[in-house]
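Fold and geometry: a report
What follows is the residue order along each chain.
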Amino acid sequence: MRRPTHGGNLAWAAALAGCSPSLILDFSASINPLGPPKSAIAAIEQALKDLTAYPDPHYNQLRASLNQLHPTLTPDWILPGNGSAELLTWAARELSELEKTCLLTPAFSDYQRALKAFGAKVREYPLDLSSEILDLRSQIQNLKSKIQNRYGLLLNNPHNPSGHLFDRKMILPLVSQFALVVVDEAFMDFLPPHQQQSIIPVVQDYPNLVIVRSLTKFYSLPGLRLGYCIAHPDRLRRWQQWRDPWPVNALAAAAATAVVQDTAFQQQTWEWLPKVRSQLFQGLSSLSGLHPYPSAANFLLVQSEQPSSQLQAKLLKHSRILIRDCLSFPELGDRFFRVAVRTEADNQRLLEGLDAILKS
Ligand SMILES: Cc1ncc(COP(=O)(O)O)c(C=O)c1O
């Protein structure tokens, strides 16, 4: 079986561990362990009766629901999608029409998939993960502004795989310099609203700005596929014409409408994450040869003195725990791995499993 490029490939992990996929403790996909919220399951059950009808291709009700999360916008600024991955595909199609796309690396591997699908020319800008403050401007300042006007920029905030949160003040000056700026905020909702550095509040001032959001990570619904994009209505109407008429199924639409109103679940996650992430960070730091990076998201990037692919294989065989090697991030290679923040009990199992392997 081929080594997966995404997290969460339990069939691959189970084949290596020699057990059934249901016995694997998965730290490789960064999914909220508190979910899915009961409100999502109830909405899905309720919507089963709608399966005999096609969803509304304009998704008017779903757009109105998503609009509750971003009340300064109107629904025509919001386009729901089959996960944020679908919307990144359409963003990549538009980026491919520009002279070049600047990509901050390491980057989520699916960006390359989407950009390649439309023949986009990519220029990579490696981030120095070792510096305390990742300075976006210093990576991009060597581009002359006349060239930038014909270039696109794709970046991710908080950044996967490092978990670094860029200050929106750092991103804003770039928006007026590039022809198209796509900001993937798939993990932004793990921060409570007052700590978020989302660029959504300025989207109405910049027709060249696209923000992509996911609902699969925070609400633990990766199998349902659900995301949305915020951008100028003209752009979203164009995307609507490119794609199939019903990319979001009726169950996903119903779940989305329920979860965006589930403030109790949102609050619970915001209260839970910082403490448990910090415990996991401390636990990993105390293990010999492991150096975790500070993170604003629900995962931690860890530098390892031992090859991470070996650690991954040993953990699978000895403890049935799957961590994410970073081989799909070529800039990181075999000395990094990434783990999701899970429940305290699961995190403890991971720390014990790693400890046993590192000592052996
Ligand atoms: C940075 C980033 N963006 C987007 C996605 C796609 O998420 P989804 O399509 O489930 O919304 C992922 C999934 O891992 C991701 O890591």
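What comes next is a walk through the structure. (Residues numbered from 1 in each chain as written. Predicted model: local features only at pLDDT ≥ 70, side-chain atom pairs only at ≥ 80, totals over all residues. Heavy atoms only, no water.)

1. Comments concerning the overall build of the protein
Regarding its fold elements, the protein presents 13 helices and 13 strands. Taking the principal axes of the C-alpha coordinates as reference, the protein spans close to 60 × 55 × 40 Å. When each of the 360 residues of the protein is scored for burial, the buried share is 56%. Taking as baseline every contact in the protein between residues at least 6 positions apart, the subset at least 24 positions apart corresponds to 71%. Carbon and sulfur atoms make up 53% of the accessible area of the protein, which amounts to about 15,400 Å² in all. Averaging the locations of the 35 positively and 31 negatively charged side chains of the protein gives two centres separated by 4 Å. (Helix = DSSP H or I, 4+ residues; strand = E, 2+ residues; numbered from the N terminus. Buried < 20%, exposed > 50% of the residue type's maximum accessible area, 1.4 Å probe, protein only. Contact = heavy atoms within 4.5 Å. Areas by Shrake-Rupley, 256 points an atom, 1.4 Å probe, with all protein chains shown as cover. Lys, Arg positive; Asp, Glu negative; His and termini not counted. Charge placed at Lys NZ, Arg CZ, Asp CG, Glu CD.)

2. Observations regarding the pairing of strand β6 (residues 180–184)
A large share of β6 lies buried, amounting to five of its five residues. Burial along β6 is two-sided: the residues Leu-180, Val-182 and Asp-184 and Val-181 and Val-183 are all buried. Bridge count between strand β5 (residues 151–156) and β6: five bridges; the pairing is parallel. Bridge pairing in β6 places Leu-154 opposite Val-182. Taken together, β5, helix α8 (residues 168–175) and β6 form a β-α-β motif whose crossover is right-handed. (Pairing = 2+ DSSP bridges. Right-handed = clockwise from strand over helix to strand, strands pointing away.)

3. What to know about the nonpolar core
Of all hydrophobic cores here, the largest spans 84 residues; its most connected members are Leu-209, Leu-284, Leu-290, Ile-323, Val-339, Leu-350 and Leu-354. The element contributing the most residues to this core is helix α11 (residues 263–285), with seven residues. Contacts of Val-339, omitting those with residues within four sequence positions, involve Phe-27, Leu-280, Leu-284, Phe-299, Leu-300, Val-302, Ile-323 and Leu-350. With 22 residues, the next largest nonpolar core counts Leu-88, Trp-90, Leu-95 and Leu-180 among its residues. (Core = buried A, V, L, I, M, F, W, Y, C linked by side-chain atoms within 4.5 Å.)

4. Observations regarding the site of the ligand
Surrounding the ligand, one finds 15 residues, the nearest of these being Ser-84, Asp-184, Ser-214, Lys-217 and Arg-225. With respect to the ligand, the side chain of Thr-216 contributes an N or O atom lying 2.8 Å from an oxygen atom. The side chain of Arg-225 places a nitrogen or oxygen atom 2.6 Å from an oxygen atom of the ligand. When the ligand sits alone it has 390 Å² of accessible area, and the protein chains cover 90% of it. Of the residues forming the shell around the ligand, the biggest block, three residues, is contributed by helix α4 (residues 84–96). (Near = heavy atom within 4 Å. Polar contact = N/O pair within 3.5 Å; in protein donor to acceptor, adjacent residues only side chain to side chain.)

5. Some details on the sheet that holds strand β12 (residues 324–325)
Read across the sheet, four strands follow the order β9-β10-β13-β12 without closing on themselves; strand pairing throughout is antiparallel. The open sheet terminates on both sides in strands that have one partner only, identified here as β9 (290–292) and β12. Inspection of the sheet shows β9 paired to strand β10 (residues 299–304) by three bridges, in the antiparallel sense. Looking at the pairing, Pro-292 lines up with Val-302 of β10.

6. A short note on helix α12 (residues 308–319)
A rise of 1.5 Å per residue sets the reference length of α12, with its twelve residues, at 16 Å; its end C-alpha atoms lie 15 Å apart and thus fit the reference within 8%. For α12, the full list of buried residues reads Ser-308, Ser-309, Leu-311, Gln-312, Leu-315, Leu-316 and Ser-319. End-on, the buried residues of α12 take up no more than an arc of 160°, which puts them together on one face. The exposed residues of α12 that point more than 90 degrees off its buried face are Lys-317 and His-318. In the segment just after α12, Arg-320 is the residue with positive phi, at about 55°. (Expected span 1.5 Å × (residues − 1). Arc of directions from axis to C-beta.)

7. Some remarks on the environment of Val-122
Structurally, Val-122 is set in strand β4 (residues 122–126). Val-122 gets classed as partly exposed once you look at its relative accessible area, which sits at 28%. With 106 residues separating them in the primary sequence, Val-122 and Leu-16 have C-alpha atoms 35 Å apart. Not counting chain neighbours up to four residues away, the residues in contact with Val-122 comprise Thr-101, Leu-103, Gln-112 and Leu-115.

8. Here we look at the sheet that holds β5
With mixed pairing, the seven strands of this open sheet are ordered in space as β2-β8-β7-β6-β5-β3-β4. Bordering the open sheet on either side are β2 (78–81) and β4, each of which pairs with just one other strand. The mean angle between the axes of side-by-side strands here comes to 20°, regardless of whether they run parallel or antiparallel. Across four bridges, the pairing between strand β3 (residues 100–105) and β5 is parallel. Considered in β5, the bridge of Cys-102 is made with Leu-153. Each of β2 and β8 (227–230) touches helix α3 (residues 60–67); the most contacted strand, β2, lies at about 115° to it. (Axes fitted to C-alpha atoms, helices over the stretch in contact; angles between N-to-C directions.)

9. Here we look at the pairing of β3
In terms of residue burial, β3 counts as a mostly covered element, since five of its six residues are buried. The parallel pair β3 and β4, bridged by helix α5 (residues 109–117), forms a crossover whose chirality is right-handed.

10. Quick notes on the packing of aromatic side chains
A full pass over the atoms with the stated rule returns twelve aromatic pairs. An angle of 75° between the planes, with centres 4.9 Å apart, marks the rings of Phe-187 and Phe-299 as edge-to-face. With a gap of 112 residues between them, Phe-187 in the loop between β6 and β7 (209–214) and Phe-299 in strand β10 connect regions that are remote in the sequence. Phe-299 matches Phe-187 in its accessibility class, with the two residues each being buried. One Lys or Arg, Arg-338, reaches over the ring of Phe-299 and ends 5.5 Å from the middle of that ring. For Arg-342, the ring lying beneath its charged end belongs to Phe-27, and the centroid distance is 5.7 Å. (Phe/Tyr/Trp six-rings, centres within 6.5 Å; stacked < 30°, edge-to-face > 60°. Lys NZ or Arg CZ within 6 Å of the ring centre and 35° of its normal.)

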